[in-house]
Amino acid sequence: MSLTSGRFVDREHRYPIRIFYEDTDAGGVVYHAHYLNFAERARTECLRLLDLHQSLLRDSHDLVFAVRDCSLEFLRPARLDDLLEVRSCFVAMAGATLSVLQAIWRDDELLVRLRVRIAAINTSGRPTRIPSSIRGILAPYVQPLEQG
């Protein structure tokens, strides 16, 4: 396991991010679009820990994951030099989609919530089912949301 890929705590992936000057705006606050980049990196590294490297998925399965839709809720700003943690949980997997809840934390303070739905597509851009071999790897990490 690579420390640069983060780690799993139970079925939740945790990925550290340090805020650099390039991540901030003129006021020293993280520019809003960078949170999407942080979440993307965390999802990629989560898959890497499961031995599902994006390049191998493309080359051996003609499969890429693309964001289908995403919503963000900004609660608090992150600032230069902060050490953040992106926490990611798979919450649903259907034929060609994977839903992920992500949260960006600074210590015990929640900064941003994201809901992301990922579509499995082939390299021609057409939707494709997630292969059973990949579903088998992901399934133990899916934590369906409790209804209520």
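Please refer to the structure higher up on the page.
For the structure given in this document, a descriptive report is provided here.

**Topic: the overall build of the protein chain**
Helices and strands together make up the secondary structure of the protein chain, namely three helices and six strands. In the protein chain, the order of α-helices and β-strands from amino to carboxyl end is β-β-α-α-β-β-β-β-α. Relative to its length of 148 residues, the protein chain is compact, with a C-alpha radius of gyration of 16 Å against a globular reference of 15 Å. If you line up the protein chain on its principal axes, its C-alpha atoms span 45 × 35 × 30 Å. Here the protein chain holds 148 residues, and the buried ones make up 39% of them. Counted over contacts in the protein chain with a minimum sequence separation of 6, partners at least 24 positions apart contribute 67%.

**Observations regarding the side chain of E85**
By secondary structure assignment, the location of E85 is in strand 4 (residues 83-93). Setting aside residues no more than four positions away along its own chain, E85 makes contact with R7, R14, Y15, P16, A103, I104 and W105.

**Details of the nonpolar core**
Counting 33 residues, the largest nonpolar core has F38, F65, F90, I104 and L138 as the members making the most contacts within it. Broken down by secondary-structure element, the contributors of at least two residues to this core are strand 2 (12-18), helix 1 (34-49), strand 4, strand 5 (97-106), strand 6 (109-121) and helix 3 (132-138). If we skip the residues at most four places from it in the chain, L138 touches L47, L50, L52, F90, M93 and L98.

**Regarding the pattern of salt bridges**
Close approach of charged atoms lets side chains of opposite charge pair. Counted by the stated rule, this structure contains eleven salt bridges. Close ionic contact of D69 with R117 constitutes a salt bridge, the shortest N to O distance being 2.4 Å. In this pair, D69 is assigned in strand 3 (residues 64-74) and R117 in strand 6, connecting sequence segments 48 residues apart. Exposure remark for D69: the relative accessible area of 33% places this residue in the partly exposed category. With its nearest N and O atoms 2.6 Å apart, the salt bridge here joins D82 to R106. Residue D82 is found in the loop between strand 3 and strand 4, and its partner R106 is found in strand 5; the two are separated by 24 residues along the sequence. As far as the burial class goes, D82 and R106 line up, both buried. Salt bridges sharing partners connect three or more residues here, namely R76, D82, R106 and E109.

**Here we look at the sheet that holds strand 1 (residues 7-9)**
Strand order in the open sheet formed by six strands is 1-2-4-5-6-3, with antiparallel pairing between adjacent strands. Two strands close off the open sheet at either side, each with one partner strand: strand 1 and strand 3. Between one strand axis and the next, the sheet turns through 30° on average, direction left out of account. Of the strand pairs in this sheet, strand 4 and strand 5 are connected by eight bridges, and their pairing is antiparallel. Its bridge partner lying in strand 5, R87 is registered against A103.

Parameters at a glance
- Every chain's residues receive numbers from 1 upward, in the order its sequence appears when written.
- At least 70 in pLDDT is required for a residue's local features to be given in this predicted model, at least 80 for side-chain atom pairs to be given and counted, and no such filter applies to totals for whole chains, interfaces and linings, which use all residues.
- Values shown for side chains rest on all heavy atoms present in the structure; no hydrogens or waters enter the calculation.
- The helix count covers DSSP runs of H or I at least four residues long, the strand count covers runs of E at least two residues long, and both are numbered beginning at the N terminus.
- What the globule rule says is 2.2 Å times the number of residues to the power 0.38, and the radius of gyration is computed from C-alpha atoms.
- Only protein chains enter the accessibility calculation, which uses a 1.4 Å probe; a residue whose area is less than 20% of its type maximum is buried, one above 50% is exposed, and one in between is partly exposed.
- Contacts: residue pairs with any heavy atoms within 4.5 Å of one another.
- Among buried residues, the Ala, Val, Leu, Ile, Met, Phe, Trp, Tyr and Cys ones that are joined through side-chain atoms within 4.5 Å form a nonpolar core.
- The salt bridge criterion pairs a side-chain nitrogen of Lys or Arg with a carboxyl oxygen of Asp or Glu, the two atoms within 4 Å.
- A pair of strands is treated as paired once DSSP finds two or more bridges between them.
- Axes, fitted as lines to C-alpha atoms, cover a helix only where it is in contact. Angles between the N-to-C directions of the axes lie from 0 to 180 degrees.

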